[in-house]
Amino acid sequence: MTQDSFPIRRVDHIRHYVGNARQAAFYYRNVFGFNITAFHGLETGLRHEVDILLEQNNVKLLFSAPLRPGHPMAEKIAQHGDFVQDIAFEVDDVDWAYNEAVSRGATSAREPFTLSDENGDVRIASIKTYGDTLHTFINRDNFRGHFLPNYREHFEAGEGIGIQEIDHCVGNVELGQMNHWVHWYEEVLGFKQLISFDDNDISTEYTALMSKVMAGGGGRVKFPINEPAEGKKKSQIDEYLEFFGGAGVQHVALRTDDIIHTVTSLRNKGMQFLTVPKAYYAALPDRVGTIDEDIATLADLGILVDRDDEGYLLQIFTKPVTDRPTLFYEIIHRKGATSFGKGNFKALFEAIEREQELRGTL
Ligand code: FE2
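Residues numbered from 1 in each chain as written. Predicted model: local features only at pLDDT ≥ 70, side-chain atom pairs only at ≥ 80, totals over all residues. Heavy atoms only, no water.

Novice: Looking at this structure, how should I read the sheet that holds strand S14 (residues 248-256)?
Specialist: Sheets are built from strands that pair by backbone hydrogen bonding, the pairs being arranged parallel or antiparallel. In space, the eight strands of this open sheet follow the order S11-S12-S13-S10-S14-S17-S16-S15, with mixed pairing throughout. If you trace the sheet from one side to the other, it starts and ends with strand S11 (192-197) and strand S15 (304-308), each paired once. Neighbouring strand axes in the sheet, compared pairwise and without regard to direction, differ in orientation by 25° on average. Bridge count between strand S16 (residues 311-317) and strand S17 (residues 328-335): five bridges; the pairing is antiparallel. Along S17, the bridge assignment pairs Phe317 with Glu330. (Pairing = 2+ DSSP bridges. Helix = DSSP H or I, 4+ residues; strand = E, 2+ residues; numbered from the N terminus. Axes fitted to C-alpha atoms, helices over the stretch in contact; angles between N-to-C directions.)

Novice: Help me understand the domain arrangement of the protein in this model?
Specialist: The parts lose accessible area when they come together, and the size of an interface is often stated as this lost area. Taken domain by domain, the protein consists of domain 1 (10-156) and domain 2 (163-359). The gap between the C-alpha centroids of domain 1 and domain 2 is 25 Å. Between domain 1 and domain 2, a total of about 2900 Å² is buried, with carbon and sulfur atoms accounting for 67% of that surface. Viewed at the interface, domain 2 and domain 1 are joined by zero salt bridges. For the pair domain 1 and domain 2, the interface holds 13 residue pairs in polar contact (both at pLDDT 80 or more). Breaking the side of domain 1 that touches domain 2 down by element, the ones donating at least two residues are strand S1 (10-17), helix H1 (21-30), helix H2 (72-80), strand S5 (83-90), strand S7 (120-128) and strand S8 (134-139). Across the side of domain 1 that touches domain 2, the residue classes tally to 19 nonpolar, 13 polar and five charged. (Domains from an automatic or database assignment. Buried area = accessible area lost by both parts, 1.4 Å probe. Salt bridge = Lys/Arg side-chain N within 4 Å of Asp/Glu carboxyl O. Polar contact = N/O pair within 3.5 Å; in protein donor to acceptor, adjacent residues only side chain to side chain. Nonpolar A, V, L, I, M, F, W, Y, C, P; charged D, E, K, R; others polar.)

Novice: It is not clear to me how the coordination of the iron ion should be interpreted in this structure. Could you clarify?
Specialist: Geometry reference: four tetrahedral donors at a metal, ideal angle 109.5 degrees. Six octahedral donors, ideal angles 90 or 180 degrees. Around the iron ion, the protein supplies His168 (NE2), His251 (NE2) and Glu330 (OE) as donor atoms, at distances of 2.0 to 2.2 Å. All donors of the iron ion belong to a single chain; written as a sequence motif, their spacing is H-x82-H-x78-E. One end of the pair, His251, is in strand S14; the other, Glu330, is in strand S17, with 79 residues separating them in the sequence. On the accessibility criterion, His251 (8% relative accessible area) is buried. (Donors = N, O, S within 2.8 Å, 3.2 Å for Na, K, Ca; no water. Buried < 20%, exposed > 50% of the residue type's maximum accessible area, 1.4 Å probe, protein only.)

Novice: Got a minute to help me understand the sheet that holds S5 in this structure?
Specialist: As summarised here, the arrangement of the nine strands in space is S6-S7-S8-S5-S1-S4-S3-S2-S9, forming an open sheet in which the pairing is mixed. Strand pairing shows two members of the sheet lacking a second neighbour, strand S6 (107-117) and strand S9 (152-156), which therefore form its edges. The average undirected angle you get between the axes of adjacent strands in this sheet is 25°. Both S1 and strand S4 (residues 59-66) contribute to a ladder of four bridges, which runs parallel. Within S4, the position partnered with Arg15 by the bridge is Leu62. Across the face of the sheet, H2 comes into contact with S1, S4 and S5 while running at roughly 120° to S5. (Contact = heavy atoms within 4.5 Å.)

See below:
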């Protein structure tokens, strides 16, 4: 199977279903610096839910909330808490993508349909992936409007913090299910496995996990998939699965070209990050060699560094952005490196365990 066996242009948007889209939009605008750009809701004739679109450079986040009891997503929000419900792809041909995916074994969520307004047509269909997560296929080549038909443009500027694009999205799946979903992405969407990490790579004294990184869409779409592994204590993946109520999106990595600016801005807005011990920075020059950034600045901000054959990367992880220890964000700045920060796993997982200890979930 070649990499072009399932053409995907890019991740189009990520949709969250939340209890209160207005407050979620306020948070992502005021902390992450997204612009609010469009909405669909009561004022535009949508009676059952509200959808608010936020954008920063190439990242589109859609926040949707039920407006009445009985909305099918209301019970999903009750089960999972606020959650990533859809990672949508822009494709050349929605009908082809949907029919091909279903013929290769995907379960349908929505058959192809057309949304229209005076600006033209958008074709949409959706398939199910792990847990309650969907992949929607979208094509808006015949649409001159903004985002989707019937949305109203509505601009509230955020102070952008340099977030450029979605680098990768990570899914947590149940024990023993990682290889099932690895094969699903290979078979259904023509993804290739980039890397595999086993519990020797990703373990501390107490906890372990396994991870495989899948890539599709010509390598632009990267989806690591994690499952828990046996350890002395409960792994962070088990903690997620318990609180989320099954498989789901664990973190979204947002790529920046200036991580010091991005993380300084987030910290100034009150975002909290995982932190590593000072010893991490003392060992850094020997581990990663010469880098452009001042190590004392990185240490102040808590930014981590790793190197691979192609270059290096800088990354940092937020604490969970929901009440439940489920969804968090990674900020990543790539300077040649195409990998995922394996050299930081141990320090990071020890940081997560310190948080789990505080939550009484280790
Ligand atoms: Fe990541």
